[in-house]
Amino acid sequence: MRTKRKIILIFFGPPGSGKGTQAEMISEKIKIPAISAGKLLREEVENKTETGKAIEKIMSRGGLVPNSVIEKLLFKRMLKKDAARGFILDGYPRKKSQQDNLIKKLEGVTGQKDKIFAVLINVSDKEVKIRLGGRRICACGATYHIKFNPPKKKGICDLCGSKLRIRADDKPSVIADRLKIYHKEIAPIIDYWKKSGRLIKVDGERSIEAVHRGIVKSVSALINKIVSG
Ligand SMILES: [Zn+2]
């Protein structure tokens, strides 16, 4: 017999929204694991499992890891003991088809009284462009941001004096492309949660702490409802 209800939170947000960080902070706060799709893949590679070796091969060729592989790892992870009271998902689903698979899977492992909610961290395209486009890196490993963490001398690394550069992913045209793909793919996903009244929207254009407090407030209200209802 199930004695406790599960809470499942699925985090969404554009690149640069800090959703990974926020997922980890909420995980700490309400003591349910944060499951990151990217992290699961990296762990397989690090642990040199059969799956990990296959993933490494695909990624070294610049290929995309098949969805079936990601889902297999995720669905296995969701059933682990520490996720018995629920979990947070970060970095998945990214496509409507993935969400359809996920919902089907969740129907099998959750009861009517369990709560599944989407948490959307809202950040405007303009802000994403400032956050990602302002990042600078140095060959020595140091990282900077022209607005939030500038080097003492413009374009030069404080630590080693080398010229700073922009990561390929952070170039304006690449950011614009990433945002275009994000909006196209996220729209039908978010639409589903909105229509079913299970979308928690948070203003992500604040400090990490303020965003965290915003999410805690919404999620606490949700948990109280679960406990009392
Ligand atoms: Zn340097």
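Structure report, in brief.

Rules and cut-offs
- Residues numbered from 1 in each chain as written.
- Predicted model: local features only at pLDDT ≥ 70, side-chain atom pairs only at ≥ 80, totals over all residues.
- Buried ≥ 20, exposed ≤ 12 C-beta atoms within 10 Å, placed from the backbone.
- Helix = DSSP H or I, 4+ residues; strand = E, 2+ residues; numbered from the N terminus.
- Pairing = 2+ DSSP bridges.
- Axes fitted to C-alpha atoms, helices over the stretch in contact; angles between N-to-C directions.
- Expected span 1.5 Å × (residues − 1).
- Arc of directions from axis to C-beta.
- Parallel < 35°, antiparallel > 145°, perpendicular 65-115°, else oblique.
- Left-handed = near helix turned anticlockwise from the far one by under 90°.
- Contact = placed C-beta atoms within 7 Å.
- Nonpolar A, V, L, I, M, F, W, Y, C, P; charged D, E, K, R; others polar.

## Examining the pairing of strand β7 (residues 199–203)
Note on strand geometry: in a regular strand, side chains alternate between the two faces of the sheet.
Item 1. Here β7 shows one buried face, formed by I200 and V202, and one open face, formed by L199, K201 and D203.
Item 2. Taken together, the five bridges between strand β4 (residues 115–122) and β7 define a ladder with parallel strand orientation. Opposite N122, over in β7, you have D203 as the bridge partner.

## A closer look at the sheet that holds strand β2 (residues 34–36)
Item 1. Spatially, the five strands line up as an open sheet ordered β2-β3-β1-β4-β7, and their pairing is parallel. Sheet topology places β2 and β7 at the edges, where each strand pairs with a single neighbour. Between one strand axis and the next, the sheet turns by 25 degrees as a mean value, whatever way the strands run.
Item 2. Relative to strand β3 (residues 86–90), strand β1 (residues 7–12) runs parallel, the two being bridged by five bridges. When the bridges of β3 are listed, I7 appears paired with G86.

## Here's the deal with helix α1 (residues 19–30)
Item 1. When the terminal C-alpha atoms of α1 are compared, their 16 Å separation across twelve residues agrees well with the 16 Å that a helix rising 1.5 Å per residue should span.
Item 2. Buried within α1 we find K19, Q22, A23 and I26. Buried residues along α1 cover an arc of 100 degrees about the axis, so they all sit on one side.
Item 3. With its phi angle positive at about 60 degrees, K31 sits one or two positions after the end of α1.

## Concerning the packing of helix α6 (residues 125–133) against helix α7 (residues 172–195)
Item 1. Where α6 meets α7, the axes come as close as 10 Å, and the angle between the chain directions of the two elements is 135 degrees. In terms of axis orientation, α6 runs oblique to α7. Read as a crossing pair, α6 and α7 show a hand that is right-handed. Seen from α6, the contacting residues are D125, V128, K129, L132 and G133; seen from α7, they are P172, I175 and L179.
Item 2. In the contact of α6 with α7, the residues fall into five nonpolar, one polar and two charged.

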